[in-house]
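# Fold and contact review
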Amino acid sequence: MDWQGIAAVITALGVIVLGWFQYNQQTKNKETDARLKQREEEDREKRKLLKIAANDIMRELHRLLIKTDAQRAYIVQPHPLDRAKFISIEYEVFSEGMVEIARKVHRMPISSVAGFVSELSSRDFILWHSQADVKDGRARAIMHSIGTEKMASMRMMDGSLWLGNIVLDFDSHQQLEAVYLKEKMGEAANVVKYILPEIEE
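Reading guide: rules and limits
- Residues numbered from 1 in each chain as written.
- Predicted model: local features only at pLDDT ≥ 70, side-chain atom pairs only at ≥ 80, totals over all residues.
- Heavy atoms only, no water.
- Helix = DSSP H or I, 4+ residues; strand = E, 2+ residues; numbered from the N terminus.
- Rg over C-alpha atoms; globule rule 2.2 N^0.38 Å.
- Contact = heavy atoms within 4.5 Å.
- Areas by Shrake-Rupley, 256 points an atom, 1.4 Å probe, with all protein chains shown as cover.
- Lys, Arg positive; Asp, Glu negative; His and termini not counted.
- Charge placed at Lys NZ, Arg CZ, Asp CG, Glu CD.
- Salt bridge = Lys/Arg side-chain N within 4 Å of Asp/Glu carboxyl O.
- Buried < 20%, exposed > 50% of the residue type's maximum accessible area, 1.4 Å probe, protein only.
- Core = buried A, V, L, I, M, F, W, Y, C linked by side-chain atoms within 4.5 Å.
- Patch = residues over 30% accessible without salt bridge, like charges linked within 9 Å, V, L, I, M, F, W, Y side chains within 5 Å.
- Pairing = 2+ DSSP bridges.
- Axes fitted to C-alpha atoms, helices over the stretch in contact; angles between N-to-C directions.
- Arc of directions from axis to C-beta.
- Polar contact = N/O pair within 3.5 Å; in protein donor to acceptor, adjacent residues only side chain to side chain.

## A closer look at the overall build of the protein
Helix and strand counts for the protein come out as four helices and six strands. Across the protein, helices and strands are ordered from the amino to the carboxyl terminus as α-β-β-β-α-β-α-β-β-α. Taking 2.2 N^0.38 as the reference for a compact globule, 201 residues should give roughly 17 Å; the C-alpha atoms of the protein span a radius of gyration of 28 Å, well beyond that estimate. Expressed along its principal axes, the backbone C-alpha trace of the protein runs to roughly 105 × 35 × 30 Å. When contacts within the protein are restricted to residue pairs at least 6 apart in sequence, long-range pairs at least 24 apart make up 56% of them. As displayed, the protein offers around 12,400 Å² of accessible surface, 54% of which is attributable to carbon and sulfur atoms. Across the protein, the centroid of the 28 positively charged side chains sits 1 Å from that of the 30 negatively charged ones.

## Things to note about the pattern of salt bridges
Applying the stated criterion to the full structure yields ten salt bridges. Residues D56 and R59 are paired through a salt bridge, measuring 2.3 Å at the closest nitrogen-oxygen approach. Here D56 and its partner R59 are both found in helix α1 (residues 3-68), three residues apart, which amounts to about one turn of the helix. Notably, a salt bridge pairs E100 with R103, separated by 3.3 Å at the nearest N-O pair. A relative accessible area of 29% places E100 in the partly exposed class. A relative accessible area of 72% places R103 in the exposed class. The network of salt bridges with shared partners includes R72, E92 and D169.

## Thoughts on the nonpolar core
Residues L61, I75, M156, I166, L168, L181 and M185 are the most contacted members of the largest nonpolar core, which totals 27 residues. Broken down by secondary-structure element, the contributors of at least two residues to this core are α1, β1 (72-79), β2 (86-94), β4 (125-128), β5 (150-158), β6 (161-170) and α4 (178-192). If near-sequence neighbours (up to four positions away) are discounted, L61 is found in contact with A73, Y74, I75, Y91, E92, V93 and I166. One finds Y74, I101, L120 and A139 within the second-largest nonpolar core, a separate group that totals 23 residues.

## Details of a negative patch on the surface
A contiguous patch of negative charge on the surface is contributed by E40, E41, E42 and D43. Mapping E40 onto the fold places it in helix α1.

## Some words on the pairing of β6
A regular strand carries its side chains on alternate faces of the sheet. With nine of ten residues buried, β6 is to be regarded as a mostly interior element. Bridge count between β1 and β6: five bridges; the pairing is antiparallel. The residue of β6 that forms the bridge with R72 is D169. Of the strand pairs in this sheet, β5 and β6 are connected by nine bridges, and their pairing is antiparallel. In the strand pairing of β6, M154 is matched with I166.

## A word on the pairing of β2
Most of β2 is tucked away, with seven of its nine residues classed as buried. Where β1 folds back onto β2 in an antiparallel hairpin, the turn is made up of six residues. Sheet analysis places β2 next to strand β3 (residues 108-109), joined by two bridges and oriented antiparallel. Bridge pairing in β3 links F86 to P109.

## As for the sheet that holds β1
Strand order in the open sheet made by the six strands is β3-β2-β1-β6-β5-β4, with antiparallel pairing throughout. The open sheet is flanked by β3 and β4, the only strands paired with a single partner. Packing against the sheet, α4 makes contact with β1, β4, β5 and β6, and its axis sits at approximately 40° to β5.

## Digging into helix α3 (residues 137-145)
Those residues of α3 that sit buried are A139, I142 and M143. Around the axis of α3, the buried residues are gathered within 100° of arc, so they sit on the same side. In this fold, the buried residues of α3 make contact with β3, α2 (114-122) and β5. A side-chain oxygen of the first residue of α3 lies 3.1 Å from the backbone nitrogen of R138; this N-cap is D136. Looking one or two residues beyond α3, the residue adopting positive phi is G147, at roughly 80°.

Written out as structure tokens, the structure reads:
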């Protein structure tokens, strides 16, 4: 075989190899595009479900605020759930003129309010009739700074896993009926705990 024949064979092989690489790359690009598209669709669906859950939670808190004549209704959540290190408030509704608490309780180390968190996580229902009833000094200081005199808490559990607490704040003039609060907060907790999104780290 002469040089021209060898060159033609090499050129033909090069075209075949190049074609195979291009085909292979196009296939990989299509697979990558398909995976990206699927991930985008999953993220879009997840955001949609989170928005629906958030709306349902806020509606339930607002309903509870009205039924109990509370000044503020919110959810204290530990995170991460499997090894709780912080508490945060992401869902809150309050009466006109009240100070927001969510900004004060965001990624707050549990160790800084250990006594308060211990009560929240270990008792189904708690009613504090005054700030003096709250044993944890920092929690008491936060109550004072937002004008809360009385509080009620309902724990939410999934089996043995603590999901968080629905908390209601009241001023000093309000008379609190423990049985009624426990009933209404329990109803809300039974709705919220099944749709409450985990706080993402």
